[in-house]
Structures are given as C-alpha cells and as structure tokens.
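Single-letter residue listing:
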Amino acid sequence: MDLGLRGARVLVTGASRGIGRAIAGAFADEGAHLAICARARQPLEEAAEELRGRGVTVVARDLDVADTAALRVFVDAAAAELGGLDAVVSNVSGGSAADWEKALRTDVLPFTALVEQAQEHLAAAPHGGSVVLVSSTSALHVTAPSGTKPYSAVKAALNQHAAALARTLAPRGVRVNTVSPGPVEFDGGGWARRRDTDPDYYAGIRARIPLGRLGRPEEVARAVVFLASPAASFVTGANLVVDGGFLDRV
C-alpha cells in the first residue's frame, strides 16, 4: 500500500532511540522529510545521519521537550526549514515512576505546547494535517505494569485530551489519533533492563501476552506512520492499541 507520504514534512519528538527512532525511520522509508529532537546530542546526531542516508532531509535539534518555550521555537523552525508540516508525532515518556510533577512537565505540557504551536502549520497542509500521540496501554488498565503511577495517569489524561482535540481540530482538516503500545523491548530500554535485573517479573508480563513475546519498536512505528498518513484520511479520534493482545478487554 502506498501511504502517500513521499515528500511529506514530519516532526517527531524523542526520536534518538527506541520507539521514536523507529518511527522516524519508518517515515524516512516512506520518503518523508523529518524534523527530529531529543535531549542527548550524540545519539540524536547519529540518528539524523543514519536517516539522511535514506535519501531524505533531516532537521535535528537537541532539546528537552519539558522546555516548552524551546519546543515551540523548534516547531516553527522545523516548519520553516521543511517548508511546512504535514504531521507531528508526540513521543515522550513522563518522568520517574514516583514524580508527579515531572510526569506532567515531560508528558502533558509538551504535548499541549506541540499541538498548539503546530496546528496552524498543519491546517495549511495541502492534504490535511495529522497529529499522533504515542501513549501506553498503562493508561487503559490498573494492574502491573500500570498501577498507581504518575506515568499511567498522565497517559490516561493525554488520551482524553487527544480525543477531544480530534473533534476540535477536525473542521480545520487536522486529524488527531493515539497509538498505545504494550510492553516493548529494545536494547537499552526499560524492558531489556528488567529482563536482566528482574527476570521473574519480566517473565510474568510476557506470559500475559497471547502472542508470547514483547513488542518491537518497528511494530509500533508502522501503526504510527499509518495513522499519520493520507491512507488513514478518515480516521480521527482513534486509539490504536499495539500490544500483542496484552489487554483483556473488548
């Protein structure tokens, strides 16, 4: 299927590793030009060089999305350098498990700032603009690995906000959707560390996934790219769960 993304202008936050890097790579494989950001400069520069090798333009800035003023500047700079924005992907993780204020600063406030700053650019996109929020299945249940953690609560708040934005921005031609990954494993990620440091817990989570394994970043990335693309032109307000059957629900 041709997703219609060749030449599209796409901004992805948190794109230096894991799911964010896989998302940027999947867009590049479709021929989309990219603006990417992350906190650590060296991994970001390595990701940018690898992506440029796929024949697309890449604008890269090292910044902390919790600095919403800097994030807003990056959005406008990315639009200027790429000649506009067709899609933005919010991919951030909210703080430590015990820190409510940090979770709000690194998840909720950056997403609201990103959409507020990007919506004029997206509304001007010739084929309609798109926002994709990367959330989590932790927002949709209360058992492990969710529980009474700020991470789960702020993701649930973002799910609601994204769904409300979908209705608000639809008349302007801007779609808003969410992708909720289940447990995803990659080198250097939290689940890879748990596999080594707490193998019983890791095995218990894996046993609850009917497909028998944890997810891979590229499996989440493909869902994000589809929802952001013109191929999903009549999809807005959706929350696509990518979890191998982990959640027990209708």
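For the chain, the name recorded in an unreviewed UniProt entry is 3-ketoacyl-ACP reductase, with Thermobifida cellulosilytica TB100 as its organism. Of the chain, the UniProt comment under Sequence similarities (unreviewed entry) reads exactly: "Belongs to the short-chain dehydrogenases/reductases (SDR) family."

Caption draft 1: Expanded view of the overall build of the chain. Each helix and strand in the chain was counted, giving eight helices and seven strands. Computed over C-alpha atoms, the radius of gyration of the chain comes to 17 Å, within 12% of the 18 Å expected from 2.2 N^0.38 for 250 residues, which places it in the range of a compact globule. Seen through its principal axes, the chain has C-alpha atoms that stretch 50 × 40 × 40 Å. In the chain, which comprises 250 residues, the share counted as buried stands at 49%. For the chain, contacts bridging at least 24 residues in sequence account for 72% of all contacts bridging at least 6. With an accessible surface of roughly 11,400 Å², the chain has 52% of that area assigned to carbon and sulfur atoms. When the 26 positive and 27 negative side-chain charges of the chain are each reduced to one mean point, those points stand 3 Å apart.

Caption draft 2: Highlighting the packing of aromatic side chains. Throughout the structure, instances matching the rule amount to one aromatic pair. Considering the side-chain rings of Trp191 and Tyr201, the 6.1 Å spacing of their centres and the 0° angle between planes classify their relative orientation as stacked. With Trp191 in helix 6 (residues 190-197) and Tyr201 in helix 7 (residues 199-207), this residue pair connects regions lying ten residues apart in the sequence. Judged by relative accessible area, Trp191 falls into the buried class, the value being 12%.

Caption draft 3: Representation of empty space enclosed by the protein within the structure. Considering all chains together, one arrives at one cavity of 30 Å³ or more under this definition. The calculated volume of the largest cavity comes to roughly 30 Å³. As for the largest cavity, its lining consists of Thr13, Val65, Leu71, Ser90, Val92, Pro110, Phe111 and Leu114. Looking at the lining of the largest cavity, its residues break down into six nonpolar, two polar and no charged.

Caption draft 4: Up close: helix 3 (residues 68-82). Here helix 3 contains 15 residues, and its C-alpha end-to-end distance of 21 Å stays within 8% of the 21 Å for a straight helix at 1.5 Å per residue. Among the residues of helix 3, those classed as buried are Leu71, Phe74, Val75, Ala78, Ala79 and Leu82. Taken end-on, helix 3 shows its buried residues confined to a sector of 130°, consistent with a single buried face. The exposed residues of helix 3 that point more than 90 degrees off its buried face are Val73 and Ala80.

Caption draft 5: Looking closely at the side chain of Thr137. Relative to the assigned elements, Thr137 resides in the loop between strand 5 (129-134) and helix 5 (150-169). Not counting residues within four places of it along the chain, the set of residues in contact with Thr137 comprises Ser180, Pro181, Gly182, Pro183, Val241, Asp243, Phe246 and Leu247.

Caption draft 6: Looking closely at the nonpolar core. Among the nonpolar cores identified, the biggest contains 35 residues, and Val12, Ile23, Phe27, Leu34, Ile36 and Val224 are the most heavily contacted of them. Not counting the four nearest positions on each side in its chain, Ile23 is found in contact with Val12, Val89, Val134, Ala221, Val224 and Val225. Of all hydrophobic cores here, the second largest spans 33 residues; its members include Ala78, Val88, Phe111 and Val174.

Caption draft 7: Local environment of the pattern of salt bridges. Here the structure, examined in full by the defined rule, presents 14 salt bridges. Among the salt bridges present, the one from Glu50 reaches Arg54, with a minimum N-O distance of 2.8 Å. Judged by relative accessible area, which is 32%, Glu50 ranks as partly exposed. On the basis of relative accessibility, which here comes to 35%, the residue Arg54 falls in the partly exposed class. Ionic contacts of the salt-bridge type, sharing partners, join the residues Arg213, Arg216, Glu218 and Glu219 into one network.

Caption draft 8: Looking closely at the sheet that holds strand 1 (residues 9-13). Read across the sheet, seven strands follow the order 3-2-1-4-5-6-7 without closing on themselves; strand pairing throughout is parallel. Each having just a single partner strand, strand 3 (58-62) and strand 7 (239-242) make up the two edges of the open sheet. Shown here is a sheet whose adjacent strand axes are inclined to one another by a mean of 15°, direction ignored. Where strand 4 (residues 87-90) meets strand 5, four bridges bridge the pair, whose relative direction is parallel. Paired with Ala87 across the two strands is Ser130, which belongs to strand 5. Against the sheet, helix 2 (residues 41-52) contacts strand 2 (33-38) and strand 3, and its axis sits at roughly 175° relative to strand 3.

The rules behind the values
Counting restarts for each chain, with residues numbered from 1 along the sequence as it is written. In view of the model being predicted, local features appear only for residues whose pLDDT reaches at least 70, and side-chain atom pairs are presented and counted only at 80 or more, with totals across whole chains, interfaces and linings using the full set of residues. To get the side-chain values, take all heavy atoms of the structure and skip hydrogens and water. UniProt positions are given in the numbering used here, feature names are shortened, and annotations may be inferred rather than shown by experiment. What counts as a helix is a DSSP run of H or I of at least four residues, what counts as a strand is a run of E of at least two, and both are numbered from the N terminus. Each radius of gyration reported is based on C-alpha atoms, and the globular scaling rule is 2.2 Å times the count of residues to the power 0.38. Remark: exposure states derive from per-residue accessible area (1.4 Å probe, protein chains only) relative to the maximum for the residue type, with buried under 20%, exposed over 50%, and partly exposed in between. What makes two residues a contact is simply this: any of their non-hydrogen atoms within 4.5 Å. To be clear on the numbers: accessible area is Shrake-Rupley with a 1.4 Å probe, and residue cover counts the displayed protein chains and nothing else. Counted as positive: Lys and Arg. Counted as negative: Asp and Glu, with His and the chain ends omitted from the count. To locate a charge, the coordinates of NZ of Lys, CZ of Arg, CG of Asp or CD of Glu are taken. Planes of paired rings set the category: under 30 degrees apart is stacked, over 60 is edge-to-face and the rest tilted, where pairs are Phe, Tyr or Trp rings (Trp by its six-membered ring) whose centres lie within 6.5 Å. Each cavity reported here is a set of points on a 1 Å grid over the protein atoms alone in which a 1.4 Å probe fits but cannot get out, each pocket an open set with protein on both sides within 12 Å along at least five of seven lines, and each lining residue one with an atom within 4 Å of a point. Grid points are joined across faces, edges and corners, and a volume is the space filled by probe spheres set on the points. Polar here means any residue outside two lists: the nonpolar Ala, Val, Leu, Ile, Met, Phe, Trp, Tyr, Cys and Pro, and the charged Asp, Glu, Lys and Arg; Gly therefore counts as polar. In this analysis, the expected span of each helix is defined as 1.5 Å times one less than the number of residues it contains. To be clear, the arc concerns the directions from the helix axis to the C-beta atoms. Buried Ala, Val, Leu, Ile, Met, Phe, Trp, Tyr and Cys residues form a nonpolar core when they are joined through side-chain atoms within 4.5 Å. Definition used for salt bridges: Asp or Glu carboxyl oxygen within 4 Å of a side-chain nitrogen of Lys or Arg. Any two strands are treated as partners once DSSP identifies two or more bridges connecting them. Angles run from 0 to 180 degrees between N-to-C directions of axes, and those axes are lines fitted to C-alpha atoms, restricted for helices to the stretch in contact.

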